[in-house]
Amino acid sequence: MTDSVGIAGDRIRSIIERVEKVEEEIKDLMEAKKDIFLEAKSEGLDVKILKEILKLRKLDQDARDEHETLLEVYLRAMDAPTPAPVAQAA
């Protein structure tokens, strides 16, 4: 049925119901993901490290290499001694 502005109510309802179904599926999947991480934690695995691995695996190889190189450079820079400030003549 079409209302006065030409929008089919049945079509809107169909779209809304499909989105609601997908949202419910996402909720179920998020719960399953949480359960997997709880299982990993109960086996002594570090969940933060597992999440970092997942994040890195999503990157293509070039992006992963760049990320690892920058991480190394920044860590080395933090460990490098800071040069002493030069005294200014008055």
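Residues numbered from 1 in each chain as written. Predicted model: local features only at pLDDT ≥ 70, side-chain atom pairs only at ≥ 80, totals over all residues. Heavy atoms only, no water.

Per an unreviewed UniProt entry, the chain carries the name DUF2312 domain-containing protein and comes from Methylobacterium soli.

Draft legend 1. Looking closely at the overall build of the chain. Counting its regular elements, the chain contains three helices and zero strands. The linear arrangement of helices and strands in the chain, starting from the amino end, is α-α-α. On C-alpha atoms alone, the chain measures out to a radius of gyration of 26 Å, which is more than a quarter above the 12 Å that the 2.2 N^0.38 rule sets for 90 residues. Along the first, second and third principal axes, the C-alpha set of the chain runs to 85 × 50 × 30 Å. Buried residues in the chain amount to 4% of all 90 residues. (Helix = DSSP H or I, 4+ residues; strand = E, 2+ residues; numbered from the N terminus. Rg over C-alpha atoms; globule rule 2.2 N^0.38 Å. Buried < 20%, exposed > 50% of the residue type's maximum accessible area, 1.4 Å probe, protein only.)

Draft legend 2. Summary view of the UniProt feature "domain: GapR-like DNA-binding" (unreviewed entry) in the chain. Here the UniProt feature "domain: GapR-like DNA-binding" (unreviewed entry) sits at residues 9–79. Helix makes up 92% of residues 9–79 and strand 0%, whereas the separation of the span's terminal C-alpha atoms amounts to 64 Å. (UniProt positions renumbered as here; feature names shortened; annotations may be inferred.)

Draft legend 3. Fine view of helix H2 (residues 47–58). In this model, H2 (12 residues) spans 17 Å end to end at C-alpha, consistent with the 16 Å of a helix rising 1.5 Å per residue. For H2, the side-chain oxygen to backbone nitrogen distance between the N-cap and lysine 48 is 2.9 Å, and the N-cap itself is aspartate 46. (Expected span 1.5 Å × (residues − 1). Polar contact = N/O pair within 3.5 Å; in protein donor to acceptor, adjacent residues only side chain to side chain.)

Draft legend 4. Structural view of the environment of isoleucine 7. Within the element layout of this structure, isoleucine 7 appears in the segment before helix H1 (9–42). By relative accessible area, isoleucine 7 is classed as partly exposed at 39%. A C-alpha to C-alpha distance of 42 Å links isoleucine 7 and aspartate 35, two positions 28 residues apart in sequence.

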